[in-house]
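Fold and contact review
Residues per chain are reported as follows:
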Amino acid sequence: DVSENDMKVDEEDDDTSSTDLQLGLDEPAPSPPDESNHVSSQLRSTPSTETLATTGSQATINEAVDIPPLPERRPVPPPPAYAATEGKGKVTESTNPFESTVRAQDPSKMLFGRQQDVTECMGNCMYFFEAALRPSASDENASDEKTDLVKELFYGKARQILSYNNEETNQLVTKIKEEEFSHLIVDAAEGKNLYDGLDEYFFADDVDDYQGGNCAVREVAVTQFPPILQVQVQRVQFDRRSARVYKSNAFVQFDETIYLDRYLDSNFETLADRRKRVTECRKEIDTYKADITELTENKKYPMPVAEMLEITTKILQDNQANSSISTEDHEKVMRILEEEINAVKNRESRIESLIKEVSAKYDDLQECKYQLHAVFIHQGQANYGHYWIYIRDHVSGKWWKYNDTNVSEVSETEIFKDTTGSTANPYFLVYVRSSARYDHLS
């Protein structure tokens, strides 16, 4: 995924406390995101066994899907060498950071840090904590798989299900890959909320040209959500026409409380019909939105089509007496214009109706409850910017803003406000399992 990689603090900025970030000019341009594999790239493979069961024309295979797992993370580097003095000007190298005779570093040669975006930063932090912590136990479900406090708090488990029809045997083949994940990804897009993004992440997605021409369907179901759930709002995207990265400032609406029952593996089979209906509704919504865009923003016309039709209708009405066309033809034209005007307006009302249907589809599933804990804000563009964070005190219910050295209490409306038109918008969300949030945050 493309992100604000390899950013560094601008050393020429007079405000030394600022965490504003600037892209290093000598760094290579970021590569475009792999749209076909954005789900699996966030999941870490776990060992699985391969079984094959055929019933009639259906075959089910429980094996690793042919999607590469996350690359192995690099080992923790040794601590940096600290220059120390012994005797008269003699300099030796020491790896002890607590050495009392450590010589101050030359400020002109100090590296202020190759700062990455928030997900890379969080990933690095969790990795180093994992490396430092003593494993607490072995995972009974995975051979020789160790667990620790970081895994217990931040890592969930999911099944990636890939189904396709084998043209040679005419059998439906299902491949299942069990993986871990540390965070979820939702794309920032106009008119979509957090649930829309999560549905796109988990629900059925077509995979074209799988294994030499097969059309496959990929779905993801969660076997275990982590106590602390991290969600990245993917704002840095790639424009194929200009071959450039850009930041999407689309407003993504999210709630203080979310329910994740619909994504659980235990509900996967029973909710199949609901998922299908939600998918149909979303496709219909997208079609209507595309029609409205065409009718309101088409540069071929001097004004929106609906407005143009209304003006045309008024002109015909005003000039009916002087018109050479018959009354019957005039009424026919007026009726056609009226139908077209209503068709344009009805699209908007239909969209509202479909959105309400989708939002109410899972109202009866409210056991897997999560509360919002923190919101990371990024202000700027794809290649530079500044971060700050809002964190909620769950005991008092107050929200606090942490911006460099400034800490201030803010109202809840500031957290959930519509950021349309602003370059400062949510980039990373942290939710905590409601049933045990006080234990995890104490």
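These numbers were taken from a predicted model, which means no experiment stands behind them.

What counts, and at which threshold
- Residues numbered from 1 in each chain as written.
- Predicted model: local features only at pLDDT ≥ 70, side-chain atom pairs only at ≥ 80, totals over all residues.
- Heavy atoms only, no water.
- Helix = DSSP H or I, 4+ residues; strand = E, 2+ residues; numbered from the N terminus.
- Polar contact = N/O pair within 3.5 Å; in protein donor to acceptor, adjacent residues only side chain to side chain.
- Buried < 20%, exposed > 50% of the residue type's maximum accessible area, 1.4 Å probe, protein only.
- Pairing = 2+ DSSP bridges.

Attention shifts here to the side chain of Thr174. When you line up the elements, Thr174 lands in strand β11 (residues 171-181). Within the structure, the side chain of Thr174 is placed 3.5 Å from the side chain of Ser163, a separation counted as a polar contact.

Here we take up the pairing of strand β19 (residues 369-381). Counting buried residues in β19 gives ten out of 13 residues, a clear majority hidden from the surface. Relative to β19, strand β18 (residues 257-259) is paired through three bridges, and the arrangement is antiparallel. The residue bridging Ile258 from the neighbouring strand is Tyr370, located in β19. Where β19 meets strand β23 (residues 424-433), nine bridges bridge the pair, whose relative direction is antiparallel. When the sheet's bridge partners are listed, Ile377 is paired in β23 with Pro426. For β19 and strand β20 (residues 384-392), the ladder comprises eight bridges, and the chain directions are antiparallel. For Val375, the partnering residue across the bridge sits in β20 and is Tyr390.

All right, on to unusual backbone geometry then. For Ala243, which is not a glycine, the phi torsion comes out positive at approximately 60°. When you line up the elements, Ala243 lands in the loop between β16 (236-239) and β17 (244-247). With a phi angle near 55°, Asp404 is a residue other than glycine that sits in the positive phi range. Structurally, the position occupied by Asp404 is in the loop between β21 (399-403) and β22 (406-410). Owing to a relative accessible area of 31%, Asp404 belongs among the partly exposed residues under this scheme.

Note on placement: Gln160 falls in strand β10 (residues 156-166). A relative accessible area of 0% places Gln160 in the buried class. Reaching out from Gln160, the side chain makes a polar contact with the side chain of Glu179 at a distance of 3.0 Å.

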